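Inside the fold
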Amino acid sequence: QLQLQESGSGLVKPSQTLSLTCTVSGGSISGSYSWSWIRQSPGKGLEWIGYIYDTGSAYYSPFFRSRVTISLDRSKDQFSLKLSSVTAADTAVYYCARASGYYTGSRIDPWGQGILVIVSS
Amino acid sequence: QSALTQPPSASGSPGQSVTISCTGTSSDVGGYNYVSWYQQHPGKAPKVMIYEVSKRPSGVPDRFSGSKSGNTASLTVSGLQAEDEADYYCSSYAGSNNWVFGTGTKVSVL
């Protein structure tokens, strides 16, 4: 059964770069899937950040495009998120997930358990 | 792109039905049959309940059903049970490799 697990720093200072990694187990990063990052600010809704294909091509939400990078390490079955110039508004639970349907994101499943990242000095 | 619009809350008594709407535009919900619905219990990751408008993953009770008309998609939960109390989010493909989520609806079982 495919499982995803987020890891990384849970506390980031303002203006610095948030870095998270998602490790895939019970399977590999391959196939017609989008390997995705989604976040949820405290008490708020879900927000799509971006995704990457197993080819390494990445696509980002227009809201984050200027400061986000998603990359892939197929040898480790990991994909990563970097979000630069963070502010308190970037405090959120960050989820990694696999989406079916390639670019359509038609079915996001499974999800990681989520990791809380707090932006504070 | 803007978030899809959902009612903030919905409720029903056990055994009743509740329907949640998800309103977008012709550029997202109305333009593609790639609407999905997610259930989220407090402190947990979301779980897919419906995908591609009306398809149900294995293991999801058939009390959950989805539909779409024009720019509005809907999730109906029939025969409400206590464990259905959760937040529900819709999501849609929005063209040009973009996705968009709904604002979320808190479902309460009275």
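Residues numbered from 1 in each chain as written. Chains lettered and ligands numbered in written order. Predicted model: local features only at pLDDT ≥ 70, side-chain atom pairs only at ≥ 80, totals over all residues. Heavy atoms only, no water.

At the junction of the two partners, chain A supplies 28 residues and chain B supplies 18 residues. Carbon and sulfur atoms make up 62% of the surface buried where chain A meets chain B, a total of about 1,900 Å² over both sides. By the criterion of area lost to chain B, the three top residues of chain A are Leu46, Trp48 and Arg107 of chain A, representing 30% of everything that side buries. At the boundary of chain A and chain B, one finds zero salt bridges. Taken together, the links from chain A to chain B amount to nine residue pairs in polar contact (both at pLDDT 80 or more). Of the residues in the side of chain A that touches chain B, the class split is 14 nonpolar, nine polar and five charged. (Contact = heavy atoms within 4.5 Å. Buried area = accessible area lost by both parts, 1.4 Å probe. Salt bridge = Lys/Arg side-chain N within 4 Å of Asp/Glu carboxyl O. Polar contact = N/O pair within 3.5 Å; in protein donor to acceptor, adjacent residues only side chain to side chain. Nonpolar A, V, L, I, M, F, W, Y, C, P; charged D, E, K, R; others polar.)

Turning our attention to the nonpolar core. Residues Leu18, Trp37, Phe79, Leu81 and Tyr94 of chain A are the most contacted members of the largest nonpolar core, which totals 26 residues. Listed by contribution, the elements that provide at least two residues to this core are β3 (18-25), β4 (34-40), β5 (46-52), β7 (68-73), β8 (78-83), β9 (92-100) and β11 (115-119) of chain A. Among the elements that line this core, the one with the most residues is β3 of chain A, at four residues. Excluding anything up to four places from it in sequence, Leu18 of chain A contacts Val12, Leu81, Lys82, Leu83, Val86, Tyr94 and Val117 of chain A. Of all hydrophobic cores here, the second largest spans 24 residues; its members include Val29, Val53, Phe64 and Val109 of chain B. (Core = buried A, V, L, I, M, F, W, Y, C linked by side-chain atoms within 4.5 Å. Buried < 20%, exposed > 50% of the residue type's maximum accessible area, 1.4 Å probe, protein only. Helix = DSSP H or I, 4+ residues; strand = E, 2+ residues; numbered from the N terminus.)

Cis rather than trans, the peptide bond between Asp109 of chain A and Pro110 of chain A has omega equal to 5 degrees. Along the chain, the position of Pro110 of chain A falls in strand β10 (residues 107-111). Non-glycine residue Asp77 of chain A carries a positive phi angle of around 50 degrees. Within the element layout of this structure, Asp77 of chain A appears in the loop between β7 and β8. You will see that Asn97 of chain B, though not glycine, has its phi angle at about 60 degrees, which is positive. Here Asn97 of chain B lies in the loop between β7 (86-93) and β8 (99-101).

Now for the sheet that holds strand β5 (residues 64-69) of chain B. Residues and elements named next belong to chain B. Ordered by their spatial adjacency, three strands build an open sheet running β2-β6-β5, and the pairing between neighbours is antiparallel. In the strand order of this sheet, the two ends are held by β2 (18-23) and β5, each with one partner. Across this sheet, the average inter-strand angle for adjacent strands is 20 degrees, counted without regard to direction. With six bridges connecting them, β2 and strand β6 (residues 72-77) associate as antiparallel partners. Looking at the pairing, Val18 lines up with Val77 of β6. (Pairing = 2+ DSSP bridges. Axes fitted to C-alpha atoms, helices over the stretch in contact; angles between N-to-C directions.)

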